[in-house]
Amino acid sequence: MRLEKSRQENLANETTVENFFLMGLTQNPKLQTVLFFLFLLFYLATLFGNLLIMVTVNADSSLQSPMYFLLSNLSFIDLCYPSATTPKMLVDLISRNNSISFSGCISQIFYFHLFACAEIFLLTVMAFDRYIAICNPLRYTAIMNRSVCNLLVLACWVGGAVHSSVQTYLVMALPFCGPNEVDHFVCDLLPLLSLACSDTYITGLLMVSNSGLIALVCFLLLLVSYTSILLTVRKRSAEGKQKALSTCAAHLTVVTIFFGPCIFIYTRPSTTLPMDKIISVFYAVITPMLNPLIYTLRNAEMKTAMKKLINWKIAIEKM
């Protein structure tokens, strides 16, 4: 017991790194300027699009079904998720000062994985919602009532918090005493493992099995759910089939863009590849921006409700 305590104290004393330096996507100043304006545009579009969905769902009484309640919560996560990393990335691109404190790095890891994992669970819940609505429509309102929806959303956040806390603890337990250049545009698990001053094989396996297993299992559940939906809608009328397929196509598009990069990065052994940074852009920056477009452009009810909201605001301004 004393040996273990002494070992932990020695490891804690080895953690002498007070700041990390994020190397970013590129070291080319001209390309950094281009990326700054591009990602700023993406971030503003993300904020506007997701806020618009949240306001529309809460303002329109016709959008009070479980599907739109879950969509509103997804938009909230997509507001928080990029906000954990994008502002810092934008500052780094324009100021060329890529320093981040040790505590700031740990906080970024916690919130980044909290929102990412909550979104993974929520997308799985949304697939379950569509499965019940299409495959068992007579019991849909009884199963997916507001109390159940609230509990499912709460479970998504609790699951995300547990996952994020485990990952953060594993990082904080590592000693950092040498190089402090993180080959990424955010503080993330795998790039930090290569900077630790100890054997990280077991820690890497725990991190990958945690993140990778969650992403892979949820993705497989999603595939099972949508396969069941597709088999069910084959027996429906042409109009019902088209509506169901349109909704599922929107969800599958989001799932593919989000889960694909996550599975690629977090189900591998604890190694990093040069392409990891580019792939991370898809689930960290692009997916939260595309969600509002995908869910609104393919949803007639959302487009109608947004038009009503805009017309209502215009009428108020004219008064």
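Asks: Explain the packing of helix α5 (residues 102-135) against helix α7 (residues 146-172) here, please?
Replies: Pairs of packed helices are described in terms of their axes, by the angle between the two and the distance that separates them. Across the interface, α5 lies against α7 with an axial gap of 7 Å and an inter-helix angle of 145°. When you trace α5 past α7, the crossing you get is right-handed. Of the residues assigned to the contact of α5 with α7, the class counts are 18 nonpolar, seven polar and no charged.

Asks: Help me out: how do you make sense of the sheet that holds strand β1 (residues 19-22) in this one?
Replies: Picture the strands of a sheet paired through backbone hydrogen bonds; they go either parallel or antiparallel. Reading across the sheet, the three strands line up as β2-β1-β3 and stay open at both edges, with mixed pairing between neighbours. The open sheet has two edge strands with one neighbour each: β2 (99-101) and β3 (181-182). Where β1 lies against β2, three bridges are found, and the strand directions are antiparallel. When the bridges of β2 are listed, N19 appears paired with S101. Here α5 sits on the sheet and contacts β1 and β2; the angle it forms with β2, its principal contact strand, is near 85°.

Asks: Even after reading the chapter, I still don't get the pattern of salt bridges, so can you show me in this structure?
Replies: When their charged atoms lie close together, side chains carrying opposite charge are able to pair. For the structure shown, the criterion picks out three salt bridges. In this structure, D129 and R130 form a salt bridge, with 2.9 Å as the shortest nitrogen-oxygen distance. Residue classification places D129 among the buried positions, given a relative accessible area of 1%. D183 is the partner of K277 in a salt bridge, and the nearest nitrogen-oxygen pair spans 3.0 Å. Here D183 lies in the loop between β3 and α8 (189-193) and K277 lies in helix α11 (residues 276-297), a separation of 94 residues in the sequence.

Asks: Would you explain the packing of aromatic side chains in this entry?
Replies: Two aromatic rings, taken as a pair, are described by how far apart their centres are and by the angle between their planes. Overall, the coordinates contain 15 aromatic pairs when judged by the stated rule. Considering the side-chain rings of Y81 and F258, the 6.2 Å spacing of their centres and the 75° angle between planes classify their relative orientation as edge-to-face. Of the two residues, Y81 is situated in helix α3 (residues 66-83) and F258 in helix α10 (residues 238-266); the sequence distance between them amounts to 177 residues. Here Y81 and F258 have matching classes, each one buried. Pairing F112 with Y283 gives two aromatic rings, centres 6.2 Å apart and planes at 35°, and the pair type is tilted. Separated by 171 residues along the polypeptide, F112 in helix α5 and Y283 in helix α11 bring together distant segments of the chain. F112 gets classed as buried once you look at its relative accessible area, which sits at 2%.

Parameters at a glance
Residues numbered from 1 in each chain as written. Predicted model: local features only at pLDDT ≥ 70, side-chain atom pairs only at ≥ 80, totals over all residues. Heavy atoms only, no water. Axes fitted to C-alpha atoms, helices over the stretch in contact; angles between N-to-C directions. Helix = DSSP H or I, 4+ residues; strand = E, 2+ residues; numbered from the N terminus. Left-handed = near helix turned anticlockwise from the far one by under 90°. Nonpolar A, V, L, I, M, F, W, Y, C, P; charged D, E, K, R; others polar. Pairing = 2+ DSSP bridges. Contact = heavy atoms within 4.5 Å. Salt bridge = Lys/Arg side-chain N within 4 Å of Asp/Glu carboxyl O. Buried < 20%, exposed > 50% of the residue type's maximum accessible area, 1.4 Å probe, protein only. Phe/Tyr/Trp six-rings, centres within 6.5 Å; stacked < 30°, edge-to-face > 60°.

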